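In case you want the letters, here they are:
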Amino acid sequence: MDLGRVGLWTFQLDPQPMSRAREIAQELESLGYGAIWLPESVGRDPFASAALLLQATERIAFATGIASIHARSPMTMRAGWHTLTEAFPDRFLLGLGVSHQPAVEGLHRQDYGKPLAKMRAHLDAIDQSIFFAREPSSTPRRVLAALGPKMLALAAERADGAHPYFVPPEHTALAREILGPDKLLAVEQMAVLVDDADQARELARATMRIYTNLPNYANNLRRLGFTDDDLTTISDRLVDAIVVWGDEDAVRARVQQHHEAGADHVCVQVLPTDGFTGLPLAEWRRLASALLA
């Protein structure tokens, strides 16, 4: 599977009519992006979306970033994973994650439990599940959403690699050390293409507030040396570590930092300047010439 060195991570296809989303995916493929990462939260089903977008394109890979282990049974997870891998060899990457307690218990009405034990049990059950349909001709690939040392170690043991989200390059270096040299490290990086510092940081904070109150992300940031005050105020220091802002050169430099720290693939999440459901198509076009040349 070739994800390329740079891809996109985006919610922004979900608000579009699927016909329009397919057209956008075709353009992103023509621009040269290696992969598009699709989330699972309160939008479209990522397996159904991936199937429709894969069908509309020829080369670009699609990955779930991430499919929640609490949203479907292990047998159902394996069925979707193997079905897409068989239909589109080497173009679908399953990203698995434990999600977050508020979403798991509040939306899915499931028991969150102990994340590491839940993930290990889910992987065991996936690997033992029955699948009597046509098996893929290429090896099904999976990565784990991993932040802490124990989940990263599990990703090294039981998956093809890891997909850290909401992390600075310093975390990428730590992740590479735990994963070892041969595992895939696909890192998400938020970006705001605005030059004014105050405006850019406020746009970043609007999205970051979704994550700073979630224990998984907060605890990871504390491990990296950020304080409770950084998290409460979403300090300039924290914003600048998590979200790169400025022009294409600034984004390119941050992506390069991740690569130098050990990332194989960086999926850039462009935060729209026109609201949460805005479509940053112009920014994706601008970045393509800077990041994919």
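What counts and how
- Residues numbered from 1 in each chain as written.
- Predicted model: local features only at pLDDT ≥ 70, side-chain atom pairs only at ≥ 80, totals over all residues.
- Heavy atoms only, no water.
- Buried < 20%, exposed > 50% of the residue type's maximum accessible area, 1.4 Å probe, protein only.
- Helix = DSSP H or I, 4+ residues; strand = E, 2+ residues; numbered from the N terminus.
- Contact = heavy atoms within 4.5 Å.
- Salt bridge = Lys/Arg side-chain N within 4 Å of Asp/Glu carboxyl O.
- Phe/Tyr/Trp six-rings, centres within 6.5 Å; stacked < 30°, edge-to-face > 60°.
- Patch = residues over 30% accessible without salt bridge, like charges linked within 9 Å, V, L, I, M, F, W, Y side chains within 5 Å.
- Areas by Shrake-Rupley, 256 points an atom, 1.4 Å probe, with all protein chains shown as cover.
- Axes fitted to C-alpha atoms, helices over the stretch in contact; angles between N-to-C directions.
- Parallel < 35°, antiparallel > 145°, perpendicular 65-115°, else oblique.
- Left-handed = near helix turned anticlockwise from the far one by under 90°.
- Nonpolar A, V, L, I, M, F, W, Y, C, P; charged D, E, K, R; others polar.

**Considering helix α2 (residues 46–56)**
P46, F47, S49, A50, L53, L54 and A56 are the residues of α2 that are buried. Contact partners of the buried residues in α2: α1 (18–31), β2 (35–38), β3 (61–64), β4 (67–68), α3 (74–87) and β5 (92–97).

**Describing the pattern of salt bridges**
One pass over the structure, following the stated rule, counts 20 salt bridges. Note that R142 is salt-bridged to D127, the shortest N-O span being 2.9 Å. Placement of the pair is R142 in strand β6 (residues 141–144) and D127 in helix α5 (residues 115–128), with a sequence separation of 15 residues. According to the relative accessible area criterion, D127 is partly exposed, its value standing at 39%.

**Some details on the environment of L116**
Along the chain, L116 turns up in helix α5. Sequence separation of L116 and G148 is 32 residues, and the distance between their C-alpha atoms is 10.0 Å. Ignoring any residue separated from it by four or fewer positions in sequence, one finds L116 in contact with K150, M151 and L154.

**Examining the packing of aromatic side chains**
Using the criterion set out here, one finds 8 aromatic pairs in the structure. Here W9 and F11 contribute two aromatic rings whose centre-to-centre distance is 4.9 Å and whose plane-to-plane angle is 80°, an arrangement assigned as edge-to-face. In this structure W9 comes out as buried when scored by relative accessible area, which is 3%. Grouping aromatic residues by their ring pairs yields a cluster made of W9, F11, Y165, F166, Y211 and Y217.

**Thoughts on a nonpolar patch on the surface**
On the surface, M75, I130 and F132 cluster together into a nonpolar patch covering about 400 Å² of accessible area. Position of I130 relative to the elements: it lies in the loop between α5 and β6.

**With respect to the packing of helix α6 (residues 149–158) against helix α7 (residues 169–179)**
Between α6 and α7, the shortest axis-to-axis distance is 9 Å and the interhelical angle comes to 50°. As the angle between them shows, α6 and α7 are arranged oblique. Pair α6 / α7 crosses with right-handed handedness. Here P149, L152, A153, A155 and A156 of α6 lie close against α7, whose contacting residues are H171, A175, I178 and L179. Looking at the contact of α6 with α7, its residues break down into 8 nonpolar, 1 polar and no charged.

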